[in-house]
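# Observations on the three-dimensional arrangement
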Amino acid sequence: MTMPALTRRSALFAAAALPFAPALLPRAAHASAEMMGATMPSFNRFKLGGFEVTTLLGGTRALENPQETFGLNATPEEFAALSEANFIPADRSQNFFTPTVVNTGAELVLFDTGLAAEGIVAALAAAGYTPDQVDVVVLTHMHGDHIGGVAGDAGVTFPNARYVTGAVEHNHWSSAGNEGFDTKVAPLSEQTTLLDDGGAVVSGITAMAAFGHSPGHMAYMLESDGQQLAIIADTANHYVWSLQKPDWEVRFDMDKAAAAATRKALFGMLAADRVPFVGYHMPFPGVGYAEAMGDGFRYVPVSYQMMLNG
């Protein structure tokens, strides 16, 4: 009996058919793989001109009953409708804490220090840094989840750093009788530079007044080789409820009217100029864009844009 010739075309068809003919192949028995648990990346690094920017996952936790924090002046029906329209639950949310490291090529600048010293040290280590490498610590404002890592049981966390913060913010908390500020930030006054709107942290990093969340809350604009990125800190605390509804009140905004006005002004500028930003409480890695939408803004998370800068 003559065997049919095996042409290249018939061989390709035969190979393509193999996945659809499992009965023809022996199957090895395997034990079920163990559940590994959900994970998240601990840092995200990208280029911005001549700068290198790294966002750090300083922590994350779930929040029950988020309307007790966001949308205080919205009805439950409005809050539920906006949440459903954005595919998120109205009764739970996830909060993120995202310090940012900027390597300018000359200095290592850390924006905010997270909740505690051990947390920021671990976050830095995951990204390949040690606390003694930090040259400048910028405190956007004095709420505990931003200054908590300045010092711990072992003393000052960043032994070689100088500190930068807003003058209005520092002056307010200096007389507020706040334990966190008094024990962690006040002792560093001699190493601290106070800035006003438009002041420079280092070359290419400029302070922007973003008052309302706290009396002297600051955002910062990074500029390098024609590229820009804003560090907005707590200008917005949620990517849906605070951006799409900038007038919705947030429990932690100390001056709620001023905070709403700041959201409209800052995100209006970022949207018009198509400038990306890092938000301290945005979903990690915390980097995105604002798109004007009605009376508010839509958060557009980055995809691969920053990878193209390398």
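Conventions we followed
Residues numbered from 1 in each chain as written. Predicted model: local features only at pLDDT ≥ 70, side-chain atom pairs only at ≥ 80, totals over all residues. Heavy atoms only, no water. Helix = DSSP H or I, 4+ residues; strand = E, 2+ residues; numbered from the N terminus. Buried < 20%, exposed > 50% of the residue type's maximum accessible area, 1.4 Å probe, protein only. Contact = heavy atoms within 4.5 Å. Areas by Shrake-Rupley, 256 points an atom, 1.4 Å probe, with all protein chains shown as cover. Patch = residues over 30% accessible without salt bridge, like charges linked within 9 Å, V, L, I, M, F, W, Y side chains within 5 Å. Salt bridge = Lys/Arg side-chain N within 4 Å of Asp/Glu carboxyl O. Phe/Tyr/Trp six-rings, centres within 6.5 Å; stacked < 30°, edge-to-face > 60°. Pairing = 2+ DSSP bridges. Right-handed = clockwise from strand over helix to strand, strands pointing away. Axes fitted to C-alpha atoms, helices over the stretch in contact; angles between N-to-C directions.

## Regarding the overall build of the protein chain
When helices and strands are counted, the protein chain shows seven helices and 18 strands. Each of the 310 residues in the protein chain was classed as buried or not, and the buried ones make up 45%. Sequence-distant contacts in the protein chain: of pairs separated by 6 or more residues, those separated by 24 or more amount to 68%. Split by element, the accessible area of the protein chain, about 15700 Å² in all, is 56% carbon and sulfur.

## Some points on a nonpolar patch on the surface
Side chains of Tyr 304, Met 307 and Leu 308 sit close together on the surface and give an oily, nonpolar patch of about 420 Å² of accessible area. Mapped onto the secondary structure, Tyr 304 falls in the segment after strand E18 (296-301). Owing to a relative accessible area of 55%, Tyr 304 belongs among the exposed residues under this scheme.

## Comments concerning the packing of aromatic side chains
Evaluated as defined, the whole model comprises nine aromatic pairs. Here the aromatic rings of Tyr 239 and Tyr 299 are separated by 5.9 Å at their centres, their planes lie at 70 degrees, and the arrangement is edge-to-face. Remark: Tyr 299 occurs in strand E18 and Tyr 239 occurs in the loop between strand E15 (227-233) and helix H7 (256-273); sequence separation between them is 60 residues. Judged by its relative accessible area of 23%, Tyr 239 is partly exposed.

## Some remarks on the side chain of Thr 262
Inspection of the secondary structure puts Thr 262 in helix H7. Leaving out residues up to four positions away in the same chain, Thr 262 has contacts with Ala 210, Phe 211, Thr 235 and Phe 267.

## A short note on the pairing of strand E6 (residues 108-111)
Because side chains alternate across E6, one face comprises the buried residues Leu 108 and Leu 110, and the other comprises Val 109 and Phe 111, equally buried. As judged from the four bridges shared by strand E5 (residues 100-103) and E6, these two strands associate in the antiparallel manner. Bridged to Val 101 within E6 is Leu 110. Turn length for the E5-E6 hairpin, with the two strands adjacent in sequence and antiparallel, is four residues, and the turn residue Gly 105 shows positive phi of about 95 degrees. Bridging between E6 and strand E7 (residues 136-139) involves three bridges; their strand directions are parallel. From the neighbouring strand, Phe 111 faces E7, where its bridge partner is Val 138. Handedness of the crossover joining E6 and E7 through helix H3 (residues 117-126): right-handed.

## Regarding the sheet that holds strand E14 (residues 218-224)
The seven strands are arranged E12-E13-E14-E15-E16-E17-E18 in an open sheet whose pairing can be described as mixed. Edge positions in the sheet fall to strand E12 (200-202) and E18, since each has one partner strand and no second. Each neighbouring strand pair of the sheet contributes to a mean axis angle of 35 degrees, computed without reference to strand direction. In this fold H7 packs onto strand E13 (205-209), E14, E15, strand E16 (277-279), strand E17 (287-293) and E18, with an angle of close to 50 degrees to the strand it touches most, E18.

## Brief notes about unusual backbone geometry
Glycine aside, negative phi is the norm for most residues, and most peptide bonds take the trans geometry. Here the bond from Phe 284 into Pro 285 is cis, since omega is 20 degrees, no more than 30 degrees from zero. Mapped onto the fold, Pro 285 is located in the loop between E16 and E17. In the Ramachandran plot, Asn 65 falls in the positive-phi region, its phi being about 50 degrees despite a non-glycine side chain. Within the secondary structure, Asn 65 is located in the loop between strand E3 (59-64) and helix H2 (76-85). Classification of Asn 65 as partly exposed rests on a relative accessible area of 42%. Even without glycine at this site, Asp 112 takes up a positive phi of about 70 degrees. Tracing the backbone through its elements, the reader meets Asp 112 in the loop between E6 and H3. Residue classification places Asp 112 among the buried positions, given a relative accessible area of 2%.

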